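Take a look at the letters that make up each chain.
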Amino acid sequence: MHGTPRLTPEIVLSAYAEGIFPMAERRGDDSLFWVSPERRGVIPLDAFHVPKRLARIVRSDRFAVTSDLAFVDVMTACAAPAPGREESWINAEILRLYSGLHAGGHAHSVEAWREGRLVGGLYGVTLGGAFFGESMFSRETDASKVALVHLVARLIGGGFVLLDTQFLTPHLARFGAVEIQRAEYLSRLHEAIAQQAYWSAPSGSAASPSLSVESGERTLAAPCEAITGSAWPGALVLQKITQTS
């Protein structure tokens, strides 16, 4: 829907509650239009699949993974031209609106770092127990995939019940993403936004995992709240996902 009055983050959030989100035709456009796909992509959190090779990379902690430390940088990187993706639906108005949502606690980022450089990440919107994934980028192989795995563990730990990917792509299908009809999606959405969930505080370097005295293995013995000040190590992330799958 072109030519709308100047939007606010509050209007955008209300649209998400009805299964609608804004996009731009291209990076240089000034206007936005509303989208409500007939078939919606979602990743069932209890059926999220981590390929074996990727699991090894996550467990190795090759990338330092944080949250909400570089939201605008992540959005800007998602909007930037990349091989095979010269154009973007993220324009200046999208940047303004989602920066506002982030300032209000309703948009979040997950960042992947290597040797102090931001090399991958993703961002999305939260409402109740729903997370709406918007975009991701990668400057190194597997960086955005590792960020996605960390995102899923964070959503599970925070009590989220819906991970909306908007559209289904072959890339997301590898992780268990499926398509559902709009009516089913709206039913799941309304149930999800009525749920209470939390996104923990901005995180820094990886936390020390809890250790089981008897087994010597890394465990999730400590409550999630005790480690929300820092990102979870890869082994802990995979354990959280495995316990739910």
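The sections below set out a description of the structure shown in this document. Predicted model only: the values in this text are computed from it and were never measured. (Residues numbered from 1 in each chain as written. Predicted model: local features only at pLDDT ≥ 70, side-chain atom pairs only at ≥ 80, totals over all residues. Heavy atoms only, no water.)

Brief notes about the pattern of salt bridges
- Tallied over the full model, the rule gives 11 salt bridges.
- We note a salt bridge from Asp 142 to Arg 53, for which the minimum N-O separation is 2.9 Å. Taken together, the residues span a long stretch of sequence, with Asp 142 in the loop between strand S7 (130-138) and helix H5 (143-158) and Arg 53 in helix H2 (residues 52-60) at a distance of 89 residues.
- In this structure Asp 142 comes out as buried when scored by relative accessible area, which is 5%. (Salt bridge = Lys/Arg side-chain N within 4 Å of Asp/Glu carboxyl O. Helix = DSSP H or I, 4+ residues; strand = E, 2+ residues; numbered from the N terminus. Buried < 20%, exposed > 50% of the residue type's maximum accessible area, 1.4 Å probe, protein only.)

Some thoughts on H2
- If you check which residues of H2 are buried, you get Leu 54, Ala 55, Ile 57 and Val 58. With its buried residues spanning 160° around the axis, H2 presents them on a single face. Exposed side of H2, more than 90 degrees from the buried face: Lys 52 and Arg 56 are the residues found there.
- Positioned one or two residues after H2, Asp 61 has a phi angle of 55°, which is positive. (Arc of directions from axis to C-beta.)

With respect to the environment of Pro 44
- Looking at the element boundaries, Pro 44 is found in the loop between strand S3 (39-42) and H2.
- Note: C-alpha distance between Pro 44 and Val 178 (134 residues apart in sequence) is 8.0 Å.
- With near-sequence residues (within four places) excluded, Pro 44 lies in contact with Gly 176 and Val 178. (Contact = heavy atoms within 4.5 Å.)

Examining unusual backbone geometry
- Backbone geometry at Asp 61 places phi at a positive 55°, although glycine is not the residue there.
- Mapped onto the elements of the fold, Asp 61 is located in the loop between H2 and strand S4 (64-67).

Quick word on the nonpolar core
- Grouped together as the largest cluster of nonpolar side chains are 37 residues, with contacts concentrated most on Ile 90, Ile 94, Tyr 98, Tyr 123 and Phe 132.
- When residues of this core are traced back to their parent elements, those giving at least two are helix H1 (9-16), strand S1 (21-23), strand S2 (33-35), helix H3 (71-79), helix H4 (92-103), strand S6 (117-127), S7 and helix H7 (182-193).
- Considering every element that reaches this core, the biggest residue donor is H3, with 6 residues.
- In terms of nonpolar packing, the next biggest core, distinct from the first, is built from 36 residues, Ala 147, Leu 163, Leu 172 and Ala 177 among them. (Core = buried A, V, L, I, M, F, W, Y, C linked by side-chain atoms within 4.5 Å.)

A word on the packing of H2 against H5
- Two elements in contact, H2 and H5, have axes separated by 10 Å at closest approach and are oriented at 80°. The angle between H2 and H5 falls in the class roughly perpendicular. Packed against H2, whose contacting residues are Arg 53, Leu 54, Ile 57 and Val 58, the element H5 presents Lys 145, Val 146, Val 149 and His 150 at the interface.
- For the contact of H2 with H5, the residue count by class is 5 nonpolar, 1 polar and 2 charged. (Axes fitted to C-alpha atoms, helices over the stretch in contact; angles between N-to-C directions. Parallel < 35°, antiparallel > 145°, perpendicular 65-115°, else oblique. Nonpolar A, V, L, I, M, F, W, Y, C, P; charged D, E, K, R; others polar.)

As for the sheet that holds S6
- One open sheet holds the 7 strands; their spatial order is S4-S5-S6-S7-S8-S3-S9, and the pairing between them is mixed. Across the chains shown, the open sheet's two edge strands, defined by having one partner strand only, are S4 and strand S9 (178-181). Going from strand to strand, the sheet's axes swing by 35° on average, the running direction of each strand aside. (Pairing = 2+ DSSP bridges.)

A closer look at the packing of H3 against H4
- Running from amino to carboxyl end, H3 crosses H4 at an angle of 150°, the nearest separation of the two axes being 10 Å. Comparing their axes, H4 and H3 come out roughly antiparallel. Crossing hand, H3 versus H4: right-handed. The residues of H4 that touch H3, namely those facing Phe 71, Val 72, Met 75 and Thr 76, are Ile 94, Leu 95, Tyr 98, Ser 99 and His 102.
- Grouping the amino acids of the contact of H3 with H4 by side-chain chemistry returns 6 nonpolar, 3 polar and no charged. (Left-handed = near helix turned anticlockwise from the far one by under 90°.)

A word on the side chain of Lys 145
- Structurally, Lys 145 is set in helix H5.
- Filtering out sequence-adjacent residues up to four positions away, Lys 145 remains in contact with Arg 53, Leu 54, His 171, Arg 174 and Phe 175.

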